Amino acid sequence: MTKYIFVTGGVLSSLGKGITAASVGTLLKHSGKKVGMLKIDPYINVDPGTMSPLEHGEVFVTKDGAETDLDIGNYERFLDTSFLKSSNFTTGQVYSSVIERERAGGYLGQTIQVIPHIVGEIVSRIKEAGKDHEILVVELGGTVGDIEGLPFMEAIRQMKHDEDVAGTYFIHVTLIPFIKAAGELKSKPTQHSVQELRRIGITPQMIIARSENGLPKSFKKKLAMSCDVSAENVIEALDAASIYDVPMSFLRQDILKPIAKELDLGELVPDMDEWDSLVKKIVQPKGKVVVGFVGKYLELKESYKSLTEALIHSGAHLDTRVEICWVDSEHIEERGAEALLTDCDSILVAGGFGSRGVEGKIQAIKYARINNIPYLGICLGMQLTLVEYARNVLGLEDANSVEFDENTKNPMIYLIDNFLDQSGDTQVRTHTSPMGGTLRLGEYPCDTKEGSILREAYNGEKVIYERHRHRYEANPAYRKQLEDAGMIVTGESNGLIETVEIKDHKWFLGVQFHPEFTSRLQTPNPSILAFVKASIDG
Ligand code: GLN
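Residues numbered from 1 in each chain as written. Predicted model: local features only at pLDDT ≥ 70, side-chain atom pairs only at ≥ 80, totals over all residues. Heavy atoms only, no water.

### Comments concerning the overall build of the protein chain
Condition: Comment: elements are numbered from the N terminus, with helices defined as DSSP H or I runs of at least four residues and strands as E runs of at least two. The globule rule is 2.2 Å times the number of residues to the power 0.38, and the radius of gyration it is compared with is taken over C-alpha atoms. The classification of residues rests on relative accessible area computed with a 1.4 Å probe and restricted to protein chains. Under 20% of the type maximum is buried, over 50% is exposed, and intermediate values are partly exposed. Residue contacts are counted whenever heavy atoms from the two residues lie within 4.5 Å of one another. Residue burial considers only the protein chains on display, and all accessible areas are found by Shrake-Rupley using a 1.4 Å probe. For the purpose of counting charges, residues Lys and Arg are taken to be positive, whereas Asp and Glu are taken to be negative. His and the chain ends are not included. A charged residue contributes its charge at one atom only: NZ of Lys, CZ of Arg, CG of Asp or CD of Glu.
A count of helical and extended segments in the protein chain gives 19 helices and 25 strands. By the compact-globule yardstick of 24 Å for 538 residues, the protein chain fits well, its C-alpha radius of gyration being 25 Å. Dimensions of the protein chain, computed from C-alpha atoms along their principal axes, come out at roughly 75 × 65 × 45 Å. Put simply, the protein chain has 538 residues, and 58% of those count as buried. A fraction of 72% describes how many contacts in the protein chain between residues 6 or more apart in sequence connect residues 24 or more apart. Approximately 22600 Å² of the protein chain is accessible, and the part contributed by carbon and sulfur atoms is 48%. Positive and negative side-chain charges of the protein chain, numbering 58 and 76 respectively, have mean locations separated by a distance of 4 Å.

### Focus: the site of the ligand
Going by this rule: Nearness is defined per residue: one heavy atom within 4 Å of the molecule or strand is enough. Think of a polar contact as two N or O atoms within 3.5 Å of one another; within protein, one of them needs to be a possible hydrogen donor and the other a possible acceptor, and neighboring residues in sequence only count if both atoms come from side chains. Under the scheme applied here, ten amino acids are nonpolar (Ala, Val, Leu, Ile, Met, Phe, Trp, Tyr, Cys and Pro), four are charged (Asp, Glu, Lys and Arg), and all others, including Gly, are polar.
Around the ligand sit Gly351, Gly352, Phe353, Cys379, Leu380, Gln383, Glu403, Arg469, His470, Arg471, Tyr472 and His514, and that is every residue in its neighbourhood. Between the ligand and Leu380, the relevant distance is 3.0 Å, taken from an oxygen atom to a main-chain nitrogen or oxygen of the residue. Tyr472 is positioned with one of its backbone polar atoms (N or O) 2.9 Å from an oxygen atom of the ligand. Protein chains shield 99% of the accessible area of the ligand, which is 290 Å² for the free molecule. Broken down by secondary-structure element, the contributors of at least two residues to the shell around the ligand are α16 (380–392) and β21 (463–470). The residue inventory of the shell around the ligand, partitioned by class, reads four nonpolar, five polar and three charged.

### What to know about the nonpolar core
Worth spelling out the cut-off: To qualify as a nonpolar core, a set must consist of buried Ala, Val, Leu, Ile, Met, Phe, Trp, Tyr and Cys residues joined through side-chain atoms within 4.5 Å.
Judged by nonpolar contacts, the single largest core of 48 residues is most densely connected at Ile5, Leu28, Ile171, Ile208, Ile255 and Ile259. Sorting elements by how many residues they give to this core places helix α1 (residues 17–29) first, with six residues. Setting aside its immediate chain neighbours within four residues, Ile208 contacts Thr20, Ile171, His172, Val173, Thr174, Ile235, Ala237, Phe250 and Ile255. Listed in part, the 42 residues of the second largest apolar core include Val358, Ala368, Met382 and Leu384.

### Digging into helix α7 (residues 188–200)
What counts, and what does not: The span one expects for a helix is its residue count, reduced by one, times 1.5 Å.
Taking 1.5 Å of rise per residue, the 13 residues of α7 would be expected to cover 18 Å, and the 19 Å separating its terminal C-alpha atoms lies within 8% of that figure. For α7, the complete set of buried residues consists of Thr190, Gln191, Ser193, Val194, Leu197 and Ile200. Positive backbone phi, at 105 degrees, marks Gly201, one or two positions downstream of α7.

### Quick word on the packing of aromatic side chains
Condition: Aromatic contacts are taken between Phe, Tyr and Trp rings whose centres are within 6.5 Å, Trp giving its six-membered ring; a plane angle under 30 degrees counts as stacked, one over 60 as edge-to-face, and the others as tilted. Each ring is checked for a lysine NZ or an arginine CZ that lies within 6 Å of its centre and within 35 degrees of its normal; such an atom marks a charge sitting over the ring.
Tallying each qualifying case throughout the model produces 13 aromatic pairs. Where Tyr244 meets Trp275, the ring centres are 6.1 Å apart and the plane angle is 65 degrees; that geometry is what we call edge-to-face. With a gap of 31 residues between them, Tyr244 in the loop between β11 (234–238) and α9 (246–252) and Trp275 in helix α11 (residues 273–283) connect regions that are remote in the sequence. The pair Tyr244 / Trp275 is uniform in exposure class, with both members buried. Taken together, the ring pairs connect Tyr4, Phe6 and Phe170 into an aromatic cluster. Positioned above the aromatic ring of Phe89, the side-chain terminus of Arg125 is 5.5 Å from the ring centre. For Arg440, the ring lying beneath its charged end belongs to Tyr444, and the centroid distance is 4.5 Å.

### Looking at a nonpolar patch on the surface
Note the threshold: In this analysis, a patch consists of residues with relative accessible area above 30% that form no salt bridge, clustered at 9 Å for like charges and at 5 Å for the nonpolar side chains Val, Leu, Ile, Met, Phe, Trp and Tyr. A carboxyl oxygen of Asp or Glu within 4 Å of a side-chain nitrogen of Lys or Arg is what we treat as a salt bridge.
Side chains of Tyr95, Ile99, Val114 and Ile115 sit close together on the surface and give an oily, nonpolar patch of about 340 Å² of accessible area. Elements represented by at least two residues in the nonpolar patch include exactly α4 (91–103) and α5 (114–130). Relative to the assigned elements, Tyr95 resides in helix α4.

### Here's the deal with the sheet that holds strand β5 (residues 88–90)
The condition is simple: Strands were regarded as paired on the criterion that DSSP finds at least two bridges between them. Each axis is a line fitted through C-alpha atoms, and for a helix only the stretch in contact is used; angles between axes span 0 to 180 degrees, taken between their N-to-C directions.
As summarised here, the arrangement of the seven strands in space is β5-β2-β6-β1-β7-β10-β11, forming an open sheet in which the pairing is parallel. Each edge of the sheet is formed by a strand with only one pairing partner; in this case those strands are β5 and β11. For this sheet, the mean inter-axis angle between neighbouring strands, taken without regard to orientation, is 20 degrees. Of the pairings in the sheet, the one linking strand β1 (residues 2–9) to strand β7 (residues 165–175) comprises eight bridges and is parallel in character. For Val7, the partnering residue across the bridge sits in β7 and is Ile171. Contacts from α7 reach β1, β7 and β10 (206–211) within the one sheet, and its direction differs from that of β7 by about 150 degrees. Sheet strands touched by helix α8 (residues 217–227): β10 and β11. Its angle to β11, the strand with the most contacts, is close to 125 degrees.

### Structural notes on the pairing of β7
Of all eleven residues making up β7, nine are buried, and the element is well covered by its neighbours. In this sheet, β10 lies alongside β7 in parallel orientation, the contact comprising five bridges. Across the sheet, His172 pairs through a bridge with Ile207, a residue of β10.

### Quick look at the state of the cysteines
Short version of the rule: Disulfides are defined as cysteine sulfur pairs within 2.5 Å.
Applying the stated rule across the entire model yields zero disulfides. No disulfide involves Cys325; its sulfur sits 3.9 Å from the nearest other cysteine sulfur, which is in Cys344. On the basis of relative accessible area, Cys325 is assigned to the partly exposed category, the value being 24%.

### Notes on the sheet that holds strand β22 (residues 473–474)
Overall, mixed pairing links the three strands, which are arranged β16-β17-β22 in an open sheet. Since the sheet does not close on itself, it has two edges, and those belong to β16 (400–401) and β22, each with one partner. Sitting on the sheet, α16 is in contact with β16, β17 (411–414) and β22, with an inclination near 165 degrees to β17.

### Quick word on the packing of helix α12 (residues 305–317) against helix α19 (residues 526–537)
Note the following rule: Note: crossing handedness is left-handed where the near helix turns anticlockwise from the far helix by less than a right angle, and right-handed where it turns clockwise.
It is the contact of α12 with α19, at a shortest axis distance of 9 Å, that shows an interaxial angle of 65 degrees. Crossing handedness for the pair α12 and α19: right-handed. Taking contact as the criterion, the partners of Leu307, Ala310, Leu311, Ser314 and His317 in α12 are, on α19, Ile528, Leu529 and Val532. In terms of residue class, the contact of α12 with α19 is made up of six nonpolar, two polar and no charged.

### Regarding the packing of α5 against helix α6 (residues 150–159)
Just so we agree on the cut-off: Convention used here: angles under 35 degrees read as roughly parallel, angles over 145 as roughly antiparallel, angles from 65 to 115 as roughly perpendicular, and any remaining angle as oblique.
In contact at an axis separation of 9 Å, α5 and α6 are set at 65 degrees when each is read in the N-to-C sense. Between α5 and α6, the interaxial angle falls into the category roughly perpendicular. Both α5 and α6 take part in a crossing whose hand is right-handed. Residues Val114, Ile115, Ile118, Val119, Ile122, Val123, Ile126 and Lys127 of α5 touch α6, and the partners they reach there are Pro151, Phe152, Glu154, Ala155, Ile156, Gln158 and Met159. Residue classes in the contact of α5 with α6 are distributed as twelve nonpolar, one polar and two charged.

Given below as structure tokens:
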């Protein structure tokens, strides 16, 4: 039977609930426990994949091809584990499965209501995610008091009394503001949000208090008293130099003790030595390297979360700070690649959708190619390397991806109308297919070519596994022409072109997959690690 740790948030959003949940999970995992993670999103969207990255940050893709909230990415990066579809669900998914079951006659004519049906569906999804784990850490999105959160609160309240549940523990993450004019830390917002939780029937056992400058002992005592927890159950979460330092900071405050006591977990002594030494290299590395990051969702850096984290992981393993020089591809269109990229040790063109900024990305690729600058192109960044090569080396002036020019005579990147998906089923997609759920998603094998920088990056592995999220593919009709002219296909998956490299270039790799999705602090992604290494070697 599984034990559950529920993490709720109070006062306001963006307090780092996801990092908190991931940190608690990490400490438990490093103590030898079998830990699962679940993120519940109270928004109505059924498919987080169609949400704008500018509004919601990155869409993360799991191994089994689910498009999820970016917190799942944090969980994977912290726990060094691949989580599946079942690690994230939304209100929309809960309702749509209940409604579907109702339409199919599954409720035998009952009146369908939030209680018990919606709440029941939520409980069963949480338990499904908890199956096979000793402990499941559940993060509830949103803030206590949100209308959409209520059914979830009710569900986790009910689970306290569930016979199939071995134990529950409630952690509440809040903010302690410091009012400068009064020179005082304020506990009132936290008290109110704890009261709100109690009104619903949940008494949090631990308060994790975000504060800018730390909490004096006397304040902690007062907070503990007013929130009805013991003082050792108030943990402070200061702004950390690196998110990966949060588990260490929790550990220094003995966070596991009260949790272990309440959930009867025995004595927990997590082995965090390797983790700690990596964090030290993030915070105070020996070297530094500058990567020119060409993208278009730069207003919200969270939309490239996995990639920026992946660069940090590789940097930690190479004892180097990877400084990102953010370059908006539309600015390249105005000012040229050289003006914006000249101070960079290497160039990275990230994935993306839609035509805005594409020509700027192509200019950046050309600049990297002709000037022998280490280059990594990811997904769209790989597709455009073929377009750039076709235009400027093969002389096919109108070469393009059909995503941007449906009528191009030279569709380097095209839409294949059917392919075998992850589970071996045939998927069909056309220009008129709906945008939601029609991407090639999740993990696929990729055969690497002998002697390629790809194979070298993966320590000689003949077959590697990486995740995908794209609709278009490199067109094999141009393969021979490209190879004759020096652009070599070095990775293939079931006949699809997965990676390309350029002969006689220091380090140039375009990958159709998203290597960033499999990068973790302890095991950085090999292609990104090799890229950062090439950037350092210059
Ligand atoms: N827009 C491109 C496609 O759909 C690339 C997607 C991406 O970079 N993730 O294939």
